[in-house]
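These are the residues of each chain, in order.
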Amino acid sequence: MNSQPIARYEGVLKVTGRARYEGEIVPDGMLHAALVEAPVARGELELLDASQAEALAGFATIVTHADAQSLKPSAATALIRDKTIHFHGQPVALVAAATLADAHEVARAVQLSIAARPAVMQMDQALGTAYVPQMVGRFPATTRRGDSAKALIEAELVVRKRYVTAVNNHHPMEPHAVVCWWENGKAIVHTPTQAIFGTRAITAHAFDMPAADVRVLSRFLGGGFGCKGQLWWPWMFWAMLASRKMNRPVRLELSRAQMFTLVGRRQQTEQDIALGYVDGRLTAIEHDVVAQTSMHSEFSDSTAVYTRFLYACANVSTRHRLVRTNEPQPVPMRAPGTAPGTFALESAMDEAAEQLGLDPLELRVRSFADHDQETGRPWSSNSLRECYRFGAERFGWAKRRARSRTKVGRWTIGLGMATTLYPSIRQACRARVALSTDGSLLVQCGTQDMGSGTYTSLGQIAADALGIPMEKVTVELGDTLLPDGPFSGGSQVTASIFPAVEAATSKLRAALASIAVADATSPLSGKPLDDLQFTGEMIQSHSSNAGERLVDVLARAAPDGLDEEGESAATDHKELSTTAMGHGAIFVEIGVDAELGEIRVRRVCGTFAAGRILNPLLARSQYIGGLIGGIGMALHEQTVTDRATGAILGKSFADYLIPVHADIPEFDIAMIEEDDPHLPGGVKGIGMLGTAGIQAAIANAVYDAIGKRVRNLPIRIEDCLR
Ligand code: MOS
């Protein structure tokens, strides 16, 4: 297959406003919902008095924990069946009314009586309660190989530092929303989710009904970043209960302020790292993480997990611990694990390089792991050294010393670099392709497009396999009536859909080719199947000029067109013979205004190696998007809890800073293609590869510019003032 820089399939729909997002669906008779939030961080709901609310114009219904008793108990329904308040802003009721304004009025009129209790407002108030969770994602929470304690004692140099990362919120431009209704006991749920089938499964379980009776639609998403994975806002179920109660459609959309409290967050981390070196070589790593989780549920990023893999080192110990606070629940967010984890590890590597008198790049090249040292498996492919070499050359790393601390106007220049990595795994997938007699191709898969290009890649894989131009391809996704597809997360979608679409298209090719060669009237009659290729909307013989148009084959033999389904399996972690990761080297140039403390990222060079690139245009956009998220984490984003009340402070984009265009530099993105024979199609994930590494690269560049080592994210102006 060719790697083609095809533009977004849905691009025109989006820029012309014709793409309908699920929250924009307006069924007849729709009611508007609003949430009633608890104004304490911890307590017990004693009384909920809706009498004044019910008397207001437009009031339709109110749904509380009492209504949710009809739902099956599970992790997904725990919070909405509970009278206990676990965090400030936790919804205690949903009201539905005729208009959105009515709904807000009604919500305000609900009287609450809550017995408040002492709460843990922030992690540092309860560090003594830190505990080791069962697992961090699919990895053990603690690991040990070799003897890091002994190796640190014997090391010639030990770098031992603490790094801290802030709470972040995902903030896709499109907030969470649901428009739902019931038809003959079946639920129709329009909601932007990264996992239509996951949402269907959780919903069917909660309402104790067959999955087939729940239809979830998510055809366009205005971003996800992890907060729309599975069902991480159970208040959607209250909207469904309200709809069932009133027998009318109900719409609930979260406000930007609610996006700070109700849909998850990146957890705060405190990471203690110790690196030991003998003779300029890494001999010991200890990486100890303490992170925030909520009172009502548990989540741990795989923060120290990648420290087990990235560098050659015989003695490695890692540990994750969690502290429960009365704050919102963390969930995966934009490179969960690798973003905070590489900030600590790659900052510490930079500190070590300086003390060793080595170039930071040279230290990393020396520390290259030529196999997965944690499992002993070989890499499926690993071009990290090529990324270092190629990126350094493009960026001009060799001239670093001459450029460091020079002045450009008011800016003092600093240069820094860091490594990024992300695992490549796949989920099970089914896909369907259907060729019509007019030569148009329909591609269907029940995955969803977060906005990162799944429509395009789905269509492109099928179009290429059948020799059909993209203009003739229609892609359908985001509907549980379609064949089961993967959730959009973990940078897994393209790698997961590729083998399923390939399976479907190869069946379709085989069907078309068999028809043609068996047909005496076809120019391809009697040709061997391996002589045929699909190109230019034709089946073409390699060995002769003979060929036939696909539409002609269909017209004679399949007047209704032909369709085929393909499927592929998830990565079987027990059966793996290799470890698959994408890698990258990030180089940045920043400027610091020494008077004002202001930091500007001036230039970023990201060189990435992540298998075969199907569409360099989309891949480049993915990398840039990831890098921008990383710049946000490094310099801007921080969610702050008020220590007095437990409320989240400044719940708007006026206070929660995200990078704007003026913060974003030129990006030089380079991709090193890997021919990886161990992965279907040689495809690795790329989505979150660009989101890690840059945080440390920026911190390292700040140090390079002004000699100040900042070990807290986000790096702020006051950190750079002397
Ligand atoms: Mo992601 S943080 O796997 O949506």
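Please refer to the structure higher up on the page.
The structure displayed is predicted, hence computed values, not measured ones. Counting starts from 1 at the beginning of each chain's written sequence and moves along it residue by residue. For a predicted model such as this one, the threshold for reporting local features is a pLDDT of at least 70, and the threshold for listing and counting side-chain atom pairs is 80 or more; totals across whole chains, interfaces and linings nevertheless cover every residue. For the side-chain quantities, the full set of heavy atoms in the structure was used; hydrogens and water were omitted.

A. Broad picture of the overall build of the protein. Helix numbers and strand numbers start at the N terminus; a helix is a DSSP run of H or I with at least 4 residues, a strand a run of E with at least 2. Looking only at helices and strands, one finds 15 helices and 32 strands in the protein. The globule rule used here is 2.2 Å times the number of residues to the 0.38 power, and the radius of gyration it is set against is calculated over C-alpha atoms. For 722 residues, the compact-globule estimate of 2.2 N^0.38 gives 27 Å, and the protein sits close to it at 27 Å. Projecting the C-alpha coordinates of the protein onto the three principal axes gives extents of approximately 85 × 75 × 50 Å. Relative accessibility decides the category of a residue: with a 1.4 Å probe and only protein chains considered, values under 20% of the type maximum give buried, values over 50% give exposed, and everything between is partly exposed. For the protein, the proportion of its 722 residues judged to be buried stands at 61%. It only takes one pair of heavy atoms within 4.5 Å for two residues to be counted as in contact. Of the contacts made within the protein by residues no fewer than 6 positions apart, 81% connect residues no fewer than 24 positions apart. Only four residue types enter the charge count, namely Lys and Arg as positive and Asp and Glu as negative; His and the chain termini do not. Think of each charge as sitting on NZ of Lys, CZ of Arg, CG of Asp or CD of Glu. Between the mean site of the 71 positive side-chain charges and the mean site of the 79 negative ones, the protein shows a separation of 4 Å.

B. Up close: the side chain of threonine 203. The residue threonine 203 is located in helix α5 (residues 196–206) in this model. Owing to a relative accessible area of 0%, threonine 203 belongs among the buried residues under this scheme. Sequence-distant contacts of threonine 203, that is, excluding residues within four places in its chain, are made with Val214, Leu231, Met236, Phe237 and Met240.

C. Representation of the pairing of strand β2 (residues 43–49). Two strands are counted as paired when DSSP detects at least two bridges linking them. When β2 meets strand β4 (residues 84–85), the two strands line up antiparallel, connected through two bridges. Residue glycine 43 lies in a different strand from β4, and its bridge partner there is isoleucine 85. Inspection of the sheet shows β2 paired to strand β6 (residues 111–116) by six bridges, in the antiparallel sense. Bridged to leucine 47 within β6 is serine 113.

D. The pattern of salt bridges, seen in detail. Here a salt bridge means any side-chain nitrogen of Lys or Arg lying within 4 Å of a carboxyl oxygen belonging to Asp or Glu. According to the stated counting rule, one finds 42 salt bridges in the structure shown. In this structure, the salt-bridge partner of glutamate 22 is arginine 219, at a minimum N-O distance of 2.9 Å. On the criterion of sequence distance, the pair formed by glutamate 22 in the loop between α1 (11–15) and β1 (31–37) and arginine 219 in the loop between β13 (214–217) and α6 (235–246) is long-range, its members being 197 residues apart. When its relative accessible area of 0% is taken as the criterion, glutamate 22 is described as buried. Residues joined by salt bridges that share partners form a network here, namely Asp350, Glu351, Arg709 and Arg711.

E. Just the packing of aromatic side chains, in detail. Each Phe, Tyr or Trp ring (for Trp, its six-membered ring) is paired with any other whose centre lies within 6.5 Å, and the angle between the two planes then decides the class: stacked below 30 degrees, edge-to-face above 60, tilted in between. Evaluation of the coordinates by the stated rule reveals 15 aromatic pairs. A centroid spacing of 5.8 Å and a plane angle of 85 degrees characterise the contact between tyrosine 163 and phenylalanine 343, whose relative ring orientation is edge-to-face. One end of the pair, tyrosine 163, is in strand β10 (residues 157–165); the other, phenylalanine 343, is in helix α7 (residues 338–356), and 180 residues separate them in sequence. Classification of tyrosine 163 by relative accessible area gives buried; the value is 0%. Taken together through their ring pairs, the aromatic side chains of Tyr9, Tyr21, Phe220 and Tyr455 make up a single cluster. Directly above the aromatic system of phenylalanine 225 lies the positively charged group of arginine 334, at a separation of 5.0 Å from the ring centroid. Against the face of tyrosine 703 rests arginine 709, its NZ or CZ located 4.3 Å from the ring centre. Only Lys NZ and Arg CZ are tested; either one counts as a charge over a ring when it is within 6 Å of the ring centre and within 35 degrees of the ring normal.

F. Spotlight on a positive patch on the surface. A cluster of basic residues, Arg405, Lys407, Lys708 and Arg722, forms a positive patch on the protein surface. Tracing the sequence through the fold places lysine 708 in the loop between α15 (694–706) and β32 (712–713). According to the relative accessible area criterion, lysine 708 is partly exposed, its value standing at 34%. Two joining distances apply to patches: 9 Å for like charges and 5 Å for nonpolar side chains (Val, Leu, Ile, Met, Phe, Trp, Tyr), and every residue must have over 30% relative accessible area and no salt bridge. Using a 1.4 Å probe, the Shrake-Rupley method yields the accessible areas, and only the shown protein chains count as cover for residues.

G. Representation of the pairing of strand β16 (residues 281–294). Within β16, 12 of the 14 residues are buried, leaving the element largely enclosed by the surrounding structure. A loop of two residues connects strand β15 (residues 269–278) with β16, the two strands running antiparallel in sequence, and aspartate 279 in this loop sits at a positive phi of about 60 degrees. As paired strands, β16 and strand β17 (residues 315–325) are joined by 11 bridges and run parallel to one another. Each residue of the ladder has a partner; that of valine 289, found in β17, is histidine 320.

H. Local environment of α6. With 12 residues, α6 should cover 16 Å at 1.5 Å per step; its first-to-last C-alpha distance of 17 Å lies within 8% of that length. The buried count for α6 comes to nine of 12 residues, which makes it a mostly enclosed element. Those residues of α6 lying buried are Trp235, Met236, Phe237, Trp238, Ala239, Met240, Leu241, Ala242 and Ser243. Immediately beyond the C-terminal end of α6, within one or two residues, lies asparagine 247, with a positive phi of roughly 55 degrees. Expected helix span is given by 1.5 Å per residue-to-residue step, counting one fewer step than there are residues.

I. Region of the structure containing unusual backbone geometry. Residue proline 714 follows leucine 713 across a cis peptide bond; omega there is -5 degrees. Positive phi, close to 60 degrees, is recorded for glutamate 537, a residue that is not glycine. By the secondary structure assignment, glutamate 537 is in the loop between β23 (532–535) and β24 (538–541).

J. The arrangement of helix α9 (residues 384–395) in detail. A rise of 1.5 Å per residue sets the reference length of α9, with its 12 residues, at 16 Å; its end C-alpha atoms lie 16 Å apart and thus fit the reference within 8%. Where α9 is concerned, the buried positions are Leu384, Cys387, Tyr388, Gly391, Ala392 and Phe395. Take α9 and look down its axis: the buried residues cluster within an arc of 115 degrees, on one side only. Of the residues in α9, the exposed ones pointing more than 90 degrees away from the buried face are Arg389 and Glu393. At the exit of α9 stands glycine 396, carrying a positive phi of roughly 85 degrees. The arc in question is formed by the directions pointing from the helix axis toward the C-beta atoms.

K. Representation of the sheet that holds β32 within the structure. The six strands are arranged β9-β17-β16-β15-β10-β32 in an open sheet whose pairing can be described as mixed. Edge positions in the open sheet fall to β9 (142–145) and β32, since each of these has one partner strand only.

L. Representation of the sheet that holds strand β12 (residues 186–190) in the model. Taken in spatial order, the seven strands make up an open sheet running β3-β5-β1-β14-β11-β12-β13, and their pairing is mixed. Every interior strand has two partners, whereas the edge strands, β3 (59–64) and β13, have only one. Pairwise comparison of adjacent strand axes, ignoring direction, gives a mean angle of 25 degrees for this sheet. As paired strands, strand β11 (residues 177–183) and strand β14 (residues 250–253) are joined by four bridges and run antiparallel to one another. Bridge pairing in β14 links alanine 177 to glutamate 253. Only C-alpha atoms enter the line fits that serve as axes; for helices the fit covers just the stretch in contact. Angles between N-to-C directions range over 0 to 180 degrees. Across the sheet, α6 touches β1, β3, β5 (91–97), β11, β12 and β14, and the angle it forms with β3 is around 135 degrees.

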